[in-house]
Amino acid sequence: MDHVVVVGAGLAGVRSVEALRAHGFAGRITLIGEEPHRPYDRPPLSKAVLLGQADSTVVDSDLEALDVRLCLGVAAKGLRDGVVETTEGEVHYDGLVIATGAAPVRLRGEGRQHVLRTIDDALALRTHLVRRRRIAVIGAGWIGAEVATAAAKAGCAVTVVEAGEAPLVTALGDVGGYTAPWYGKAGVELRLGAVVGSVDPDGVTLMSGARIEADVVLTCVGVRPAVDWLKGSAVALDDGVLVDEHLKTSMDNVVAAGDCANWWSRRFGRRMRVEHWDTALGAPDTAAATLLGEVAVYDPVPYFWSEQFGHMVQFAGYQGAAERRVLRGDPLTDEKWAVCWLTGEDRLAAILTVDRPRDLVQGRRIVEGGQRLDAARLTDASVTLRDCIMA
């Protein structure tokens with residue numbers, strides 16, 4: 001293998017380049033990115049960048065030292081065996097890493113919709129976060145909550161519109177309801193069970209007919225894998241790029257990593273596609289090793305975090321494997337609390353923590369190790385998680 005092409009110049013793409021070199025690949029590498037910017041990190045976009053604490057989030061990687069041909073402002077348009085078709089012509093490859101990430105979903109309507117996925121999105125939105133500006137945020141998920149936090153700090157009049165019956169309902173189910181009081185304390189109006197009919201030039205119209213007037217509308221209703229360019233190719237697609245536990249696609253010498261990869265998890269016995277920073281950071285090592293003929297398995301405990309309304313919220317695991325949940329602390333009265341999801345054998349499937357970092361670190365290790373827990377002791381928030389492990 002002489003030439004490896006990496007399509008997607010986000011974190012997963014850069015880490016794929018680093019991993020290829022770390023695994024001893026000495027051939028040519030081409031990194032193709034649709035944006036004109038050098039590779040950058042996305043998590044700070046909804047935090048430091050929106051708050052005006054940073055203007056750039058460039059990934060700390062010496063691409064020159066890695067001897068990479070960097071093609072920016074170039075979009076992939078199609079794929080056939082050995083060739084990536086781009087807006088700048090054909091690029092031939094011996095091995096290919098697909099790391100094109102995901103693109104935000106937009107709603108219907110003639111009004112301008114801001115989204116938050118790129119550095120340009122963040123900088124554009126930041127100019128509107130000024131005192132008394134009316135901001136409507138559609139979606140009370142992770143990004144919606146973080147943007148609402150930044151907008152409230154800037155003195156904006158913020159309304160968050162959520163179709164579900166609780167914030168974070170897609171990720172956490174009704175547990176997300178424990179975060180609802182945070183909105184009011186921050187001076188943010190939260191409307192639950194409110195489905196948007198259209199985004200208009202002067203705000204939002206709900207399916208109920210109600211109107212929310214706004215100067216700025218931000219749509220945060222999720223993303224879709226950026227894989228349209230692969231349609232018609234030999235790469236199998238289903239909610240992203242279908243890959244096995246080695247991150248191999250259905251096409252020879254092609255692997256995928258990051259937000260666009262739908263991989264098979266041995267640990268949880270199901271397919272998973274996780275749209276978070278930790279996946280983009282960790283998956284490329286397995287993808288690179290597999291592409292170079294090594295035996296490597298990608299089977300992480302999914303992890304992500306969010307900073308919202310003065311709280312550090314962290315999650316690890318997969319709660320779909322659980323049969324019941326246990327509270328550590330009272331979310332209604334305690335500033336710091338956690339939720340543990342347990343299997344029928346009292347093994348920890350997932351954990352959500354609010355301002356309890358030690359619980360998260362220990363809980364993540366316990367999910368990885370598969371130890372049984374003493375559920376009765378688990379309810380005592382003064383007892384460490386590792387002290388709840390049964391002998």
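Just above, that's the structure.
Residues numbered from 1 in each chain as written. Predicted model: local features only at pLDDT ≥ 70, side-chain atom pairs only at ≥ 80, totals over all residues. Heavy atoms only, no water.

Caption draft 1: Main features of the overall build of the protein chain. A count of helices and strands for the protein chain gives 8 helices and 25 strands. A compact globule built from 391 residues should have a C-alpha radius of gyration of about 21 Å, and the protein chain, at 22 Å, falls within 12% of that. Here the protein chain holds 391 residues, and the buried ones make up 54% of them. Entry remark: accessible area of the protein chain is about 16900 Å², with carbon and sulfur atoms responsible for 47%. Separation between the mean location of the 42 positive side-chain charges and that of the 52 negative ones in the protein chain comes to 4 Å. (Helix = DSSP H or I, 4+ residues; strand = E, 2+ residues; numbered from the N terminus. Rg over C-alpha atoms; globule rule 2.2 N^0.38 Å. Buried < 20%, exposed > 50% of the residue type's maximum accessible area, 1.4 Å probe, protein only. Areas by Shrake-Rupley, 256 points an atom, 1.4 Å probe, with all protein chains shown as cover. Lys, Arg positive; Asp, Glu negative; His and termini not counted. Charge placed at Lys NZ, Arg CZ, Asp CG, Glu CD.)

Caption draft 2: Region of the structure containing the side chain of Asp121. Here Asp121 lies in helix α2 (residues 119-126). Buried charge without a salt bridge: Asp121, with Arg106 as the nearest opposite-charge side chain at an N-O distance of 5.4 Å. In this structure, Asp121 is in contact with Val115 and Leu116, ignoring residues within four places of it in sequence. (Salt bridge = Lys/Arg side-chain N within 4 Å of Asp/Glu carboxyl O. Contact = heavy atoms within 4.5 Å.)

Caption draft 3: Quick peek at α2. If you check which residues of α2 are buried, you get Ile119, Asp121, Ala122 and Leu125. For α2, the arc enclosing every buried residue in end-on projection is 160 degrees, short of the 170-degree limit, so these residues lie on one face. Packing partners of the buried residues in α2 comprise α3 (142-153) and β15 (216-219). (Arc of directions from axis to C-beta.)

Caption draft 4: Representation of the environment of Leu70 within the structure. For Leu70, the position within the fold is in strand β3 (residues 68-72). A sequence separation of 31 residues divides Leu70 from Pro39, and the C-alpha atoms of the two residues are 9.9 Å apart. Once residues lying within four places of it in the same chain are set aside, the contact partners of Leu70 are Leu31, Arg38 and Leu63.

Caption draft 5: Molecular detail of the sheet that holds strand β12 (residues 196-200). Pairing is antiparallel across the open sheet formed by 3 strands, whose spatial order is β12-β13-β14. Of all strands in the sheet, those bounded by a partner on one side alone are β12 and β14 (211-213). Neighbouring strand axes in the sheet, compared pairwise and without regard to direction, differ in orientation by 15 degrees on average. Relative to strand β13 (residues 203-206), β12 runs antiparallel, the two sharing 4 bridges. Counterpart to Ser198 in the pairing with β13 is Thr205. (Pairing = 2+ DSSP bridges. Axes fitted to C-alpha atoms, helices over the stretch in contact; angles between N-to-C directions.)

Caption draft 6: Examining unusual backbone geometry more closely. In this structure, Asp239 is a non-glycine residue whose phi angle is positive, near 50 degrees. For Asp239, the location among the structural elements is in the loop between β16 (223-225) and β17 (241-242). Not every positive phi belongs to a glycine, and Asp346 is a case in point at roughly 60 degrees. Checked against the element boundaries, Asp346 lands in the loop between β24 (337-342) and β25 (348-354).

Caption draft 7: Quick look at the sheet that holds strand β6 (residues 89-92). Taken together, 3 strands build an open sheet; the order of strands is β4-β5-β6 and the sheet is antiparallel. Only two strands of the sheet have a single partner each, and these edge strands are β4 (76-80) and β6. Recorded for the sheet is a direction-independent mean angle of 25 degrees between the axes of neighbouring strands. Pairing of strand β5 (residues 83-86) with β6, which is carried by 4 bridges, proceeds in the antiparallel orientation. Following the sheet pairing, Thr86 is matched in β6 by Gly89.

Caption draft 8: Spatial organisation of the pattern of salt bridges. For the coordinates displayed, the defined rule picks out 25 salt bridges. Across the salt bridge formed by Arg80 and Glu85, the nearest N and O atoms sit 2.8 Å from each other. Look at Arg80 and you get partly exposed, because its relative accessible area is 35%. One salt bridge in this structure joins Asp359 and Arg356, with 2.7 Å as the shortest N-O distance. Here Arg356 falls in the buried class, since its relative accessible area comes to 17%. Residues participating in the shared-partner salt-bridge network are Arg133, Arg134, Glu213 and Asp215.

Caption draft 9: Quick peek at the nonpolar core. Ranked by size, the top nonpolar core spans 71 residues in total, and within it Leu79, Val84, Leu96, Ile98 and Val241 carry the most contacts. Sort the elements by how many residues they give to this core and helix α1 (residues 11-22) lands first, with 6 residues. Contact partners of Val84, with chain neighbours within four places excluded, come to Val5, Val7, Ala76, Gly78, Leu79, Gly89, Glu90, Val91, Tyr93, Leu96 and Trp229. By size, the runner-up hydrophobic cluster in this structure holds 40 residues, among which are Tyr40, Ala151, Val216 and Leu218. (Core = buried A, V, L, I, M, F, W, Y, C linked by side-chain atoms within 4.5 Å.)

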